[in-house]
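# Secondary and tertiary structure notes
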Amino acid sequence: MPVELRRREVLVAGTLLAVAARFPALASVPTPLPAADQRRIDRLIAAMTLDEKIGQMVQVAGGRQVALNSRLDSAALDRVRAGRIGSFLHVAGAEPLRELQRVAVEESRHGIPLLFAMDVVHGYRTIFPVPLALAASFDPAVAEDAARVAAVEASVSGLHWTFAPMIDIARDARWGRVVEGAGEDPHLGATMAVAQVRGFEGRGTDLGEDAVLACVKHLGAYGAGMGGRDYDTADLSERTLREVYLQPFHAAARARAGTMMTAFNDLAGVPTTGNADLVRGILRDQWHYQGLVVSDWNAIRELIDHGAASTPAEAAALALRASVDMDMTSDTYAEYLAPAVAADPTLLPLVDEAVQRILTTKTKLGLFDDPYRFGDPERERTVLGSADHRARARRAAEQSIVLLRNEGGVLPLRPAQRVALIGALADDARSTIGSWKARGVPEDSVTLRAALGDVTYAPGVAPRGEDVSGIPAAIAAAEGADVVVLALGEDWDHSGEARSRADITLPGAQMTLLDALKATGKPIVAVLMNGRPLALESALADVPAVVETWFGGNEAGAAIAAVLRGEVNPGGRLPMGMPRTSGQVPQFYAHVPTGRPANPDLSVDSARYHDTDIGPLFPFGHGLSYTSFEYADLAITRIDGGARHRIGCSITNTGPVAGDEVVQLYVRVAVPGLARPARELRGFTRLTIAPGATRLVTFILRNHHFAHWADDQWRVPAGRVEVMIGASSADIRLTGALSVDREFNWPAYDGAGAALFTPVEIL
Ligand code: BGC
């Protein structure tokens, strides 16, 4: 292990403390259980029958996502009594879960408590912005706080475990599940992954008060599904897998995320749920990850559909050999693991290992000491949707809004202006809460229409369907106004699981409405609501102001209205670039240069499309403000004899109002023999600056931040590293260089550049 990595230093100078404290030192080695707890687990495993052991490895749906607890019938309770169920998902509620736990603890032979799980993704009752929006805040504290509130609400409702965060890197906006992740970049993704794990589980080595287990998902390249199709095959180089897709997983493993979920899809022909090289090899052996690994829904049985197993018993053995501890809903372990073990006794120690991890997880949650410690009907009544939680959701929604364009100062709106609010999404409370709504309800949401209050409103068209009968009224409303605020985009059900789209332009008749409104000549403020970056080059032509608002949760409308009126100065940034056209995806800023870089001159043969301009419509990291910022004074100094580098600059707010700037640090590392990404994010920070004020930002990079994957190890070559600081991946304001004196390598188990937190000092 290189010396630098052993010293997990956290800079503690000046206000840096506040930032550094968000990321306590990461460590991958699990803390051992106290001896008495370990002895209890050993005694239990020695006393359990094979069927009882397998029972611990079985997770059953106690309901459906839309009808929680609906399958908790007498047959399910009998299985609990027989010790044939270790965990339920899609259950909730302090009182029903207490009763279910009582049956397990009092009426089964060993009294082993159950684990209760649910997808609590961006809120439980209080709904925060969708995860892609939280990532757009470019502030890990916002993502951590959203997870914290979700954990508090979920745990008082009796839940132990959430299937979140989803940390799949996504570079193809056609994929419906981009809404659940943190976008295209591994450094941003790893940072948001760790922040959310901390929010759900708490900061200490033990699960804190009101904590729930996180489940980072879906290991390892679910986001790389071919063609942006959900569940589809991912075929990646080992380098891209390690440098991009596995980075958030490695960071989460080091942050001691309690559990992980394997993906539905295959990686280079090996279905992940049966992928021993990935799960047992990389996750367990190389990273020393000891948390519980659960399959995705029915994924063990689906090994047969992949063609990787021909019988359910083979599927069970494949998943177990890959080190998948728990079978989510397929009952393949329940029904076929015992015969598989009978046919091949070498599986038995693997069963014991899995049960060991499951019982360790239950121990860490404190369930053996007090099986009812989660769930509190009293607090459930006061905590869910509390004013404090609403206020935190409001702040998160404000922080996640991205001002994409503001020509001629159309925004903020002025009080005297007559506003026509148009678009059905402006009045669609259901869409504000997104697809993973847990126990959120539309009735709790403030829509943009409600928040803007007394303005002329016309729905125009719905986001799906071809009904254009509302367009004349929308035109009339526009004609009577000074400015049109037009909600455009997708409804909640256009993105999410199994919601890939081949054409990511505006669905339904929205383009017809938009064209009709453009023809009125009134200035249009496009308020985008969507779960993915849409391809809107032609739609947004001649639209002077564009605001990306995602699905902003219960407080979406209030937050958007505050931004439109200038009460809140937007500071969010795009965590995924927005393409011009659907045909441009997959697309990402960290592309590898070709020998024939894209050239505006079409007579030159170059890496571009002939029928669209080069690059995205709005790049990764892009976002404007109602003020402006000037970057200056780049200073790069070596510390620790060149093992670390201090990269500083000053940022001045040159405009009239206070605002937030997201300062982004990119590097380009030249590697002999390889083509490396044109730039890679290695640090960022969001800071508030008063008008006329200057703040100093210093990033500390270690040489490990310049690593790439080659020959089965991480390598850092000696030589020059270009340093770029800017306001987006395409708006670089300062450039410089540093050098690495000596090359060095380190093995797979020790992490990589992008996953390492970059300390930032702000004065
Ligand atoms: C999804 C997972 C989710 C699980 C349980 C699956 O279909 O892929 O992300 O956690 O269902 O709801």
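Just so it is clear, the model here is predicted, and its values are computed rather than measured.

Moving on, we come to the overall build of the protein. In terms of helices and strands, the protein carries 24 helices and 27 strands. The C-alpha radius of gyration of the protein comes to 26 Å, within 12% of the 27 Å expected for a compact globule of 763 residues. Residues classed as buried in the protein amount to 62% of the 763 residues present. In the protein, the share of contacts with a sequence separation of at least 24, taken over all contacts with a separation of at least 6, comes to 79%. Accessible surface for the protein amounts to roughly 26100 Å². Of this, 52% is attributable to carbon and sulfur atoms.

The full set close to the ligand counts 14 residues, and D119, R177, H218, D296 and E497 are the nearest of them. Here H90 contributes a side-chain N or O atom positioned 3.4 Å from an oxygen atom of the ligand. The contact in question runs from an oxygen atom of the ligand to an N or O atom on the side chain of D296, over 2.6 Å. Coverage of the ligand by the protein chains reaches 95% of its 310 Å² of free accessible surface.

Here K217 and H218 are connected by a cis peptide whose omega angle stands at 5°. Cis geometry marks the peptide bond from L411 to P412, where omega comes out at -5°. Along the chain, P412 falls in the loop between β11 (402-406) and β12 (419-422). Within the chain, R256 stands out as a residue other than glycine whose phi angle is a positive 65°. Here R256 is to be found in the loop between α11 (247-254) and β6 (259-262). Overall, the relative accessible area of 29% leaves R256 in the partly exposed class. For A438, which is not glycine, the phi dihedral falls at a positive 50°. Its place among the elements puts A438 in the loop between α19 (429-432) and α20 (448-452). Accessibility expressed as a relative area gives 13% for A438, which makes it buried.

Attention shifts here to the sheet that holds strand β1 (residues 58-61). The strand order across the open sheet formed by five strands is β4-β3-β2-β1-β10, and the pairing between neighbours is parallel. Strand pairing shows two members of the sheet lacking a second neighbour, β4 (161-162) and β10 (327-328), which therefore form its edges. Pairing between strand β3 (residues 115-118) and β4: two bridges, direction parallel. Residue pairing in the sheet places A117 in a bridge with W161 of β4.

A separate point is helix α12 (residues 277-286). Most of α12 sits inside the fold, with seven of its 10 residues counted as buried. When we look at burial in α12, the residues that qualify are L278, V279, R280, G281, I282, L283 and R284. Taken from the residues just after α12, H288 is the one with a positive phi, measuring 60°.

Under the definition given, this model contains 11 cavities of 30 Å³ or more. Here the second largest cavity defines a volume of roughly 90 Å³. What lines the second largest cavity is a set of 16 residues, and nearest its centre among them are L425, T432, M529, A556 and I560. For the lining of the second largest cavity, the secondary structure elements donating two or more residues are α19 and α24 (556-565).

Moving on, we come to the pattern of salt bridges. Scanning the entire structure with this criterion turns up 49 salt bridges. Across the pair R565 and E567 runs a salt bridge, and its minimum N-O distance is 4.0 Å. What makes R565 partly exposed here is its relative accessible area of 36%. E567 gets classed as exposed once you look at its relative accessible area, which sits at 54%. Here R644 makes a salt bridge to D640, at a shortest N to O gap of 3.0 Å. Among the charged side chains, a network of salt bridges with common partners joins D78, R81, E99, R102, E106 and E107.

On to the nonpolar core, then. Looking at soluble globular proteins, one finds that nonpolar side chains tend to be buried together. Counting 103 residues, the largest nonpolar core has F88, W161, Y333 and L337 as the members making the most contacts within it. With six residues, helix α16 (residues 348-364) is the largest single contributor of residues to this core. Membership of the second largest hydrophobic core comes to 83 residues, among which are M166, A263, L404 and I504.

A sheet is described by the order of its strands in space; here four strands give the open sequence β20-β19-β24-β25, paired in antiparallel fashion. At either margin of the open sheet sits one strand with a lone partner, and together these are β20 (680-689) and β25 (731-740). On average, each strand axis in the sheet is tilted by 20° relative to the strand beside it, whichever way the strands run. Pairing analysis gives nine bridges linking strand β19 (residues 659-669) to β20, with the strands arranged antiparallel. Each residue of the ladder has a partner; that of L665, found in β20, is G683.

Closest axis-to-axis distance for the helix α9 (residues 186-201)/α11 pair is 8 Å, and the angle between their directions is 30°. One element, α9, and the other, α11, form an angle in the roughly parallel class. Regarding α9 and α11, the two cross each other, and that crossing is right-handed. In this structure, α9 uses P186, G189, A190, A193, V194 and V197 to contact α11, whose residues at the interface are Q247, P248, A251 and A252. In terms of residue class, the contact of α9 with α11 is made up of eight nonpolar, two polar and no charged.

Here we take up the packing of aromatic side chains. Within the structure shown, the criterion is met by 10 aromatic pairs. Geometrically, the ring pair formed by F138 and F620 is tilted, given 5.8 Å between the ring centres and 55° between the ring planes. Pair noted here: F138 is in the loop between α7 (131-136) and α8 (140-156) and F620 is in the loop between α24 and β17 (629-639), with a separation of 482 residues, a long-range link. Arranged with centres 5.5 Å apart and planes meeting at 80°, the rings of Y589 and Y666 form a pair that is edge-to-face. Separated by 77 residues along the polypeptide, Y589 in the loop between α24 and β17 and Y666 in strand β19 bring together distant segments of the chain.

Moving on to the side chain of T652. Structurally, T652 is set in strand β18 (residues 644-653). According to the relative accessible area criterion, T652 is buried, its value standing at 18%. When residues no more than four places from it in sequence are discounted, the contact partners of T652 are S628, F629, E630, G692, A693 and T694.

Looking at the protein as a whole, its pLDDT mean stands at 93, while 94% of the residues score no less than 70. Scored below 50 in pLDDT, residues 1-29 makes 69 contacts in the model with residues more than four places away or belonging to other chains.

A few words on the environment of A675. Its place among the elements puts A675 in the loop between β19 and β20. When its relative accessible area of 47% is taken as the criterion, A675 is described as partly exposed.

This part covers the environment of T329. By the element assignment, T329 lies in the loop between β10 and α15 (332-343). In this structure the C-alpha to C-alpha distance between T329 and L134, which are 195 residues apart in sequence, comes to 30 Å. Residue contacts for T329: discarding those within four places in its chain leaves Q59, A61, L89, W297 and N298.

Criteria and thresholds
- Once a new chain begins, its residue numbering starts again from 1 and follows that chain's sequence as written.
- For a predicted model such as this one, the threshold for reporting local features is a pLDDT of at least 70, and the threshold for listing and counting side-chain atom pairs is 80 or more; totals across whole chains, interfaces and linings nevertheless cover every residue.
- Excluded from the side-chain calculation are hydrogens and water; included are all heavy atoms of the structure.
- Strands here mean DSSP runs of E at least two residues long; helices mean DSSP runs of H or I at least four residues long; both are numbered from the N terminus.
- As a reference, a globule follows 2.2 Å times the number of residues to the power 0.38, and the radius of gyration itself is taken over C-alpha atoms.
- We call a residue buried when its accessible area falls under 20% of the maximum for its residue type, exposed when it is over 50%, and partly exposed in between, using a 1.4 Å probe and counting protein chains only.
- Any two residues whose heavy atoms approach within 4.5 Å are treated as being in contact.
- Every accessible area reported is derived by Shrake-Rupley at a probe size of 1.4 Å, with residue values counting cover from the shown protein chains alone.
- Note on definitions. A residue lies near a molecule or strand when any single heavy atom of the residue is within 4 Å of it.
- Whenever two N or O atoms come within 3.5 Å, that pair is a polar contact, provided that in protein one can donate a hydrogen and the other can accept it, and provided that, for residues adjacent in sequence, both atoms are side-chain atoms.
- One requirement defines pairing of two strands: DSSP has to find at least two bridges between them.
- Site definitions follow a grid-based scheme: protein atoms alone, a 1 Å grid, a 1.4 Å probe that fits but cannot get out for cavities, and for pockets an open set with protein on both sides within 12 Å along at least five of seven lines, plus lining residues having an atom within 4 Å of a point.
- Grid points are joined across faces, edges and corners, and a volume is the space filled by probe spheres set on the points.
- We define a salt bridge as a side-chain nitrogen of Lys or Arg found within 4 Å of a carboxyl oxygen belonging to Asp or Glu.
- In these notes, a set of buried Ala, Val, Leu, Ile, Met, Phe, Trp, Tyr and Cys residues joined through side-chain atoms within 4.5 Å is what counts as a nonpolar core.
- Helix axes use the C-alpha atoms of the stretch in contact, all axes being lines fitted to C-alpha atoms, and the angles between their N-to-C directions lie in the range 0 to 180 degrees.
- Put simply, angles under 35 degrees are roughly parallel, angles over 145 are roughly antiparallel, angles from 65 to 115 are roughly perpendicular, and the rest are oblique.
- Two helices cross in a left-handed way if the nearer one is turned anticlockwise from the farther one by less than a right angle. They cross in a right-handed way if the turn is clockwise.
- Under the convention adopted here, Pro, Cys and the residues Ala, Val, Leu, Ile, Met, Phe, Trp and Tyr are nonpolar, Asp, Glu, Lys and Arg are charged, and Gly plus all remaining residues are polar.
- Think of it this way: a Phe, Tyr or Trp ring, Trp meaning its six-membered ring, pairs with another when their centres are within 6.5 Å, and the plane angle makes it stacked under 30 degrees, edge-to-face over 60, tilted otherwise.
- Each residue carries a pLDDT value, the predictor's own confidence for that position, ranging from 0 to 100.

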